[in-house]
There are 2 protein chains.
Amino acid sequence: MKKPLILVSNDDGITAPGIRHLVEIMHQLGAEVVVVAPDSPQSGMGHAITIGHPLRLTKNPVFGPDIEAYECSGTPADCVKIAKHYVLKGRNPDLVVSGINHGSNASVNVLYSGTMSAAIEGAIEGLPAIGFSLCEYGPQADFSHVAEWVERICRHALDHGVPAGTALNVNIPKKSAEPIAGLRLARQARAKWQEEFDRRLDPYERPYYWLIGSFVNLDHGTDTDEWALANNYVSVVPCQFDLTAIHGLAHLNEHWQLPLPEPAQVGAPPQPVPSGDYGPATQS
Amino acid sequence: MKKPLILVSNDDGITAPGIRHLVEIMHQLGAEVVVVAPDSPQSGMGHAITIGHPLRLTKNPVFGPDIEAYECSGTPADCVKIAKHYVLKGRNPDLVVSGINHGSNASVNVLYSGTMSAAIEGAIEGLPAIGFSLCEYGPQADFSHVAEWVERICRHALDHGVPAGTALNVNIPKKSAEPIAGLRLARQARAKWQEEFDRRLDPYERPYYWLIGSFVNLDHGTDTDEWALANNYVSVVPCQFDLTAIHGLAHLNEHWQLPLPEPAQVGAPPQPVPSGDYGPATQS
């Protein structure tokens, strides 16, 4: 079997323990591994891209002679773009993986997540893509239980593909005395951050504000990622980048009473993006 | 009727012409207007938030004595958070509006858009929220045709609400000789950026890279935002922040053959977030 090509990125930066674990697991899978990761922590960067200034890209031997690795001055989404369109010179990775993030990206956190933005950027390119996160913060996080799950999920992705038009959001419970209970496909839990701003004064008596908050799960379902994680399961949510809310189209058609020229055409469910084969493209 | 409270933000920064137009239109609607907008351009920031350093927030009289306005050192999402949880001291805006962006946020651009991240942040808070964008870049963009559409859409949102769990992505065609053809509810077009990196050398012979690209519409549907804009319609897409791909859950259940403890429970369509009334919350 041909050696698969796997692109690795993350949002905690190229020196984070989490990406080192991920690179090792991909290497042990027998893949050709190429890493393009941020040169500094990019947590909370969401799907930001760099358009106002140029990027730097520097080869970094941090993972040894077998792994072609680069640090990039941009965001996680930038890293995947420059990997796809510059570093790999047109070769398509068989898999894009991002992480392993230090901290959960379940439920609404997916929106703020740099880890998942790298994976979703891969999905936009039509590539199978997965973001991995461990539900433990900090550089001392214990990754000793994650390898078997990450490896298994990546093998499944290489063998069976990832659903078209999605990237998988995989979250792994923090290490505990109990072994992981299993893996659950799940939907994104309805949740939010209950936030506050901590106002302080700097030495010059000018105010500044720290964002602080506590996570609130508003969802009582047992089919959510939060339920899975709370019950010691690995959660897998396929995430789409088509944000169209079909229920929202129906609501607006019914309640807004706008003069719509051809309302019958509106609201057909969007088709998933086929991987790789788009047919003739229209330039606009 | 009680004066509605409208929160205004954007991603081009508090001094951009686009937000000045939006503030004026909201003021003419008879609303109490509060502005919290970035102190510098934040285009392409996606749903980034600031967690590694604190925020600054400064009152700015740029919109005159009738408008309470602040500039904030953070991202568009930060602006909405600090507005909701600090500036407004618990008052809920009747509407959150963001923009008017200088440039299209249709189709896949919604993911990179700071304008839409401010609106989606409002939606996560359970507030009716709309992002407005004009399909013309640059500080000289002609906004003379937008007021009637922005006003009309905001009146509809105040009167009829916005679908639960969504923020509206409104894009307005560039001014042309023809009047706007109307307004169309639409889905997000399947599209991507065909990207390249322009490699240059700095004066010290070190390479740097500019992201350049051309937009490619891969979608032949006539019910998309790109179709609407190309045909001189204002496009309105309700965007959800629940990224769960239902078709992806079905695909994984079928093809991944994982040992799933209770597969029958997985894949129920997610319920939209009810605005404001969540019922008892679970803290996790």
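Residues numbered from 1 in each chain as written. Chains lettered and ligands numbered in written order. Predicted model: local features only at pLDDT ≥ 70, side-chain atom pairs only at ≥ 80, totals over all residues. Heavy atoms only, no water.

The next subject is the relation of the copies chain A and chain B. The transformation that overlays chain A on chain B combines an axial shift of 0.0 Å with a rotation of 180 degrees, and the residual RMSD is 0.0 Å. Read as a symmetry element, the transformation amounts to a two-fold axis. Here 100% of the interface residues in chain A have copies in chain B that are interface residues too; the copies meet face to matching face. (Least-squares fit on C-alpha atoms with pLDDT ≥ 70 in both. Contact = heavy atoms within 4.5 Å.)

All names here are of chain A. Between helix α1 (residues 17-28) and helix α5 (residues 147-160), whose axes approach to 10 Å, the crossing angle comes to 55 degrees. In terms of axis orientation, α1 runs oblique to α5. Once α1 is placed against α5, the crossing between them reads as right-handed. Each of L22, I25 and M26 in α1 lies in contact with α5, whose residues at this interface are A147, V150, E151 and C154. (Axes fitted to C-alpha atoms, helices over the stretch in contact; angles between N-to-C directions. Helix = DSSP H or I, 4+ residues; strand = E, 2+ residues; numbered from the N terminus. Parallel < 35°, antiparallel > 145°, perpendicular 65-115°, else oblique. Left-handed = near helix turned anticlockwise from the far one by under 90°.)

Next up on the list: the packing of helix α2 (residues 76-87) of chain B against helix α4 (residues 114-124) of chain B. All names here are of chain B. In the contact formed by α2 and α4, the axes pass within 7 Å of each other and the chain directions differ by 30 degrees. With respect to their mutual orientation, α2 and α4 come out roughly parallel. In this structure, the crossing between α2 and α4 has a hand that is right-handed. Contact residues: P76, A77, V80 and K81 in α2; G114, S117, A118, E121 and G122 in α4. Looking at the contact of α2 with α4 residue by residue, the class counts come to 4 nonpolar, 3 polar and 2 charged. (Nonpolar A, V, L, I, M, F, W, Y, C, P; charged D, E, K, R; others polar.)

With that settled, the discussion passes to the packing of aromatic side chains. Residue and element names in this part refer to chain B. The full count for this structure, using the stated rule, is 6 aromatic pairs over all chains. On the numbers, 5.5 Å between centres and 65 degrees between planes, the contact of W193 with F215 is edge-to-face. One end of the pair, W193, is in strand β9 (residues 191-201); the other, F215, is in strand β10 (residues 207-217), with 22 residues separating them in the sequence. Take W193: its relative accessible area is 22%, and that puts it in the partly exposed class. An angle of 25 degrees between the planes, with centres 6.1 Å apart, marks the rings of W227 and Y233 as stacked. Classification of W227 by relative accessible area gives partly exposed; the value is 23%. Taking the relative accessible area as the measure of exposure, Y233 reaches 11% and is therefore buried. (Phe/Tyr/Trp six-rings, centres within 6.5 Å; stacked < 30°, edge-to-face > 60°. Buried < 20%, exposed > 50% of the residue type's maximum accessible area, 1.4 Å probe, protein only.)

Okay, the interface of chain A and chain B next. Tallying the contact residues gives 107 residues for chain A and 107 residues for chain B. A combined buried area of about 9800 Å² lies between chain A and chain B, and 61% of that area is made up of carbon and sulfur atoms. Taken as a group, A:L185, A:L243 and A:W256 account for 9% of the area that chain A buries against chain B, more than any other trio of residues on that side. Counting across the interface, chain A meets chain B through 6 salt bridges. (Buried area = accessible area lost by both parts, 1.4 Å probe. Salt bridge = Lys/Arg side-chain N within 4 Å of Asp/Glu carboxyl O.)

Moving on to the pairing of strand β8 (residues 182-185) of chain A. Residues and elements named next belong to chain A. What you see with β8 is no split at all: G182 and R184 on one side and L183 and L185 on the other are buried throughout. Bridge count for β8 against strand β11 (residues 233-240) is 4 bridges, and the pairing is parallel. Of the residues in β11, the one forming a bridge with R184 is S235. (Pairing = 2+ DSSP bridges.)

With that out of the way, let us pick up unusual backbone geometry. Backbone torsion omega between A:G99 and A:I100 reads -5 degrees, so that peptide bond is classified as cis. Turning to its location among the elements, A:I100 is positioned in strand β5 (residues 95-102). One non-glycine residue, A:E205, lies in positive phi territory at about 70 degrees. Mapped onto the elements of the fold, A:E205 is located in the loop between β9 (191-201) and β10 (207-217). Note on A:E205: relative accessible area 58%, which makes it exposed. Positive phi outside glycine occurs at B:K89, with the angle close to 45 degrees.

Residues and elements named next belong to chain B. Counting buried residues along strand β11 (residues 233-240), 8 of its 8 residues qualify, which places the element largely inside the surrounding structure. Of the two faces of β11, the one lined by Y233, S235, V237 and C239 and the one lined by V234, V236, P238 and Q240 are each fully buried. Note: strand β7 (residues 166-172) against β11, 6 bridges, orientation antiparallel. Bridging across to β11, N169 finds its partner in V237.

This next bit is on the sheet that holds β8(A). Residue and element names in this part refer to chain A. Ordered by their spatial adjacency, 9 strands build an open sheet running β3-β4-β2-β1-β5-β6-β7-β11-β8, and the pairing between neighbours is mixed. Where the open sheet ends on each side, the last strands, each with one partner, are β3 (57-59) and β8. Pairs of neighbouring strands in the sheet enclose a mean axial angle of 20 degrees, with direction left out of account. Where strand β6 (residues 129-134) and strand β7 (residues 166-172) come together, 5 bridges link them in parallel fashion. The residue bridging S133 from the neighbouring strand is N171, located in β7. Taken strand by strand, α1 contacts β1 (5-9), β2 (32-38), β5 and β6, and its axis lies near 145 degrees from that of β5. Across the sheet, helix α2 (residues 76-87) touches β1, β2, β3 and β4 (68-72), and the angle it forms with β2 is around 135 degrees.

Next up on the list: the side chain of A:S113. Residues and elements named next belong to chain A. Looking at the secondary structure, you find S113 in the loop between α3 (109-112) and α4 (114-124). A residue is classified by how much of its surface remains accessible, and S113, at 3% relative accessible area, is buried. If we ignore the near neighbours within four places in the chain, the residues touching S113 are G46 and N105.

Looking now at the sheet that holds β7(B). All names here are of chain B. The 9 strands are arranged β3-β4-β2-β1-β5-β6-β7-β11-β8 in an open sheet whose pairing can be described as mixed. In this open sheet, the two edge strands, each paired with only one partner strand, are β3 (57-59) and β8 (182-185). With direction set aside, neighbouring strand axes in the sheet form an average angle of 20 degrees. In terms of strand pairing, strand β1 (residues 5-9) meets strand β2 (residues 32-38) through 4 bridges, oriented parallel. Along β2, the bridge assignment pairs L5 with E32.

Attention shifts here to the pattern of salt bridges. Where charged atoms of side chains with opposite charge meet at close range, the side chains can pair. Residue and element names in this part refer to chain B. In this structure the tally under the stated criterion is 22 salt bridges over all chains. Across the pair E121 and K81 runs a salt bridge, and its minimum N-O distance is 2.8 Å. Linking E121 in helix α4 with K81 in helix α2, this pair joins segments that are 40 residues apart in sequence. Among the residues examined, E121 registers a relative accessible area of 1% and is labelled buried. According to the relative accessible area criterion, K81 is buried, its value standing at 2%. A salt bridge links D198 to R200, with the nearest nitrogen and oxygen atoms 2.9 Å apart.

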